[in-house]
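Chains, contacts and geometry: an overview
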Amino acid sequence: MTRPRELRINAFNMMAPSHNWGGLWSHPRDQSINYNTLDYWVDYARTAERGLLDGIFLAEVFGVYDVYGNSADTALAQAIQLPNAEPTLLVSAMALVTRHLGFGITANLTYEHPYQFARRFSTLDHLSSGRIGWNIVTGYLDSGARGMGLPKNHAHDDRYDAAEDFLAAVYKLWEGSWQPGAVHRDRATGLFTDPSKVHRVQHQAAHFKVDGIHLAEPSPQRTPLLYQAGTSKRGRVFAARHAEAIFLNGQTRPVLARAVREIREAAKDAGRDPYDIRLFAGATVIVAPTQAEANDLLADYAAHVDQAGQLALLSGWAGIDFSTYNPDDPIRYVESNAIQSMVENFTVRSERPVRIGDLAALSRAGARSPFVVGSPQDVADELIAWADETDVDGFNLLRLVAPESLEAFVDLVVPELQSRGVYKTAYRDGTLREKLFPGRGPLLHATHPGARHRDPALLRQLTPERTDAAE
């Protein structure tokens with residue numbers, strides 16, 4: 001099912017000192033210790049837009065990594081996604097200094113209510129002129145549940161059942177509460193909104209109840225672009241129904257290609273075009289003018305990765321206490337209530353045993369996804385090959401040393417990709433959805449389940465035919 005396409009690139013970051021590689025905050029050139037300042041983020045957004053990146057994908061975690069050694073001490077000592085701050089508050093500032101850059105914001109629906117959540121994301125979509133995406137997550141840390149007064153997190157599949165309920169409610173609010181043409185802003189007549197075109201949403205279901213008018217008028221996209229990162233069996237079903245972009249991992253091309261096939265097949269089973277979903281693979285990219293310089297940079301970065309901190313991070317993701325393993329022990333599949341797809345990739349889907357010690361190092365063996373080190377030409381070769389062989393649409397660039405790793409990609413790799421005709425040379429106009437799906441318009445596609453909650457008059461305005469088949 002492969003087809004020629006333009007590579008899509010996001011910068012993957014988090015409002016925390018440490019993100020995917022524990023300990024890199026300690027590198028002398030890293031600026032991530034300034035994660036809680038606007039200057040850091042505004043500069044980062046400007047760099048991403050200078051590189052014509054599709055967006056900044058903002059990770060988020062609700063809770064602390066206390067599975068490793070049954071304690072949060074390692075996470076605290078090494079700043080393993082702790083402290084972390086609320087990412088939605090960043091976006092207005094970054095949107096102000098950019099014109100085209102999209103923002104994929106991770107938000108955990110387990111501890112939200114659809115009524116207040118819908119207003120917050122409509123507001124962000126207004127303030128960014130339609131450049132907002134929501135990465136739908138359900139949470140995986142028991143520590144977050146305890147912080148919210150619950151004994152533990154809900155069971156893995158039960159969280160997805162609640163997510164279906166949550167999405168049905170927000171679709172009704174975003175798509176059905178305000179008809180097109182409801183807002184007049186007519187000073188001459190004194191009419192701001194036509195009450196006959198605004199409808200009360202009534203949603204009564206097992207997990208969430210809503211009875212009210214959506215508090216925000218329709219934003220440029222109405223529903224934000226929908227991201228998802230679940231590739232467990234239950235997560236694939238959910239993502240195939242709802243996601244417009246999916247973030248997935250796979251440490252080898254066959255593993256990643258299989259995940260891509262399963263997602264596209266599930267989308268087809270859900271009545272959607274398999275290419276109605278943009279698929280982004282995580283990628284660790286270290287680039288320098290020459291291969292030798294890139295290798296030196298890898299060694300420099302690797303010296304600052306904290307092994308215990310990295311295992312604390314992975315223990316939280318997997319729901320397995322890796323402090324009880326020896327470095328040479330292979331990882332074994334254990335059913336957990338955390339990120340099941342990650343454990344599957346390292347065990348039942350892996351071509352070779354993955355050792356605990358492998359996970360703690362900044363290396364190809366320790367990466368959960370493409371790990372690319374080299375000159376601009378080398379990096380371009382690798383990224384294009386991964387895309388061709390796995391059918392992904394693009395990559396989420398994992399944060400390494402910030403901002404220099406992103407600056408190096410923008411200055412060295414982007415021109416190389418452009419010279420090969422696989423990367424844009426200018427932004428398209430329009431919302432985030434229009435940029436990712438040219439010709440579709442700013443709203444959810446008519447085949448998306450959220451569109452069923454739309455007023456029929458608005459639904460008729462959409463053109464369901466695909467116009468981006470060459471992408």
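Look above for the structure.
The following refers to the structure shown.

1. Observations regarding unusual backbone geometry
A cis geometry characterises the amide bond from L82 onward to P83, with omega recorded as 5°. Its place among the elements puts P83 in the loop between α2 (73-77) and α3 (91-96). The omega torsion across A402 and P403 is 0°, close enough to zero to call that bond cis. Among the structural elements, P403 can be located in the loop between β13 (394-398) and α14 (404-419). The phi dihedral of L52 is positive, around 60°, even though this residue is not glycine. Position of L52 among the secondary structure elements: in the loop between α1 (38-50) and β2 (55-59). For L52, a relative accessible area of 13% translates into the label buried. You will see that Q81, though not glycine, has its phi angle at about 50°, which is positive.

2. Focus: the pattern of salt bridges
Scanning all chains against the criterion turns up 27 salt bridges. For the salt bridge of R200 with D211, the shortest nitrogen-to-oxygen distance reads 2.5 Å. With R200 in the loop between β6 (191-193) and β7 (201-204) and D211 in strand β8 (residues 209-212), this residue pair connects regions lying 11 residues apart in the sequence. In this structure, D381 engages R420 in a salt bridge whose closest nitrogen and oxygen atoms are separated by 2.5 Å. You can see D381 sitting in helix α13 (residues 376-390) and its partner R420 sitting in the loop between α14 and α15 (432-436), a full 39 residues away along the chain. For D381, a relative accessible area of 42% corresponds to the partly exposed category. Several salt bridges converge on common partners, so that one network encompasses E6, R8, D54, K424 and R428.

3. Side note on the environment of N153
Relative to the helices and strands, N153 resides in the loop between α5 (142-147) and α6 (156-176). Note on N153: relative accessible area 4%, which makes it buried. Separated by 221 residues in sequence, N153 and G374 have C-alpha atoms that sit 42 Å apart.

4. A closer look at the nonpolar core
Grouped together as the largest cluster of nonpolar side chains are 83 residues, with contacts concentrated most on L53, I56, W134, V285, F395, F409 and L417. Considering every element that reaches this core, the biggest residue donor is α6, with nine residues. When near neighbours in sequence (up to four residues on either side) are disregarded, L417 contacts L7, A380, I384, F409, V422 and Y423. Among the nonpolar cores identified, the runner-up in size contains 50 residues, and Y68, F280, L362 and F371 belong to it.

Scoring rules and cut-offs
Residues numbered from 1 in each chain as written. Predicted model: local features only at pLDDT ≥ 70, side-chain atom pairs only at ≥ 80, totals over all residues. Heavy atoms only, no water. Helix = DSSP H or I, 4+ residues; strand = E, 2+ residues; numbered from the N terminus. Buried < 20%, exposed > 50% of the residue type's maximum accessible area, 1.4 Å probe, protein only. Salt bridge = Lys/Arg side-chain N within 4 Å of Asp/Glu carboxyl O. Core = buried A, V, L, I, M, F, W, Y, C linked by side-chain atoms within 4.5 Å. Contact = heavy atoms within 4.5 Å.

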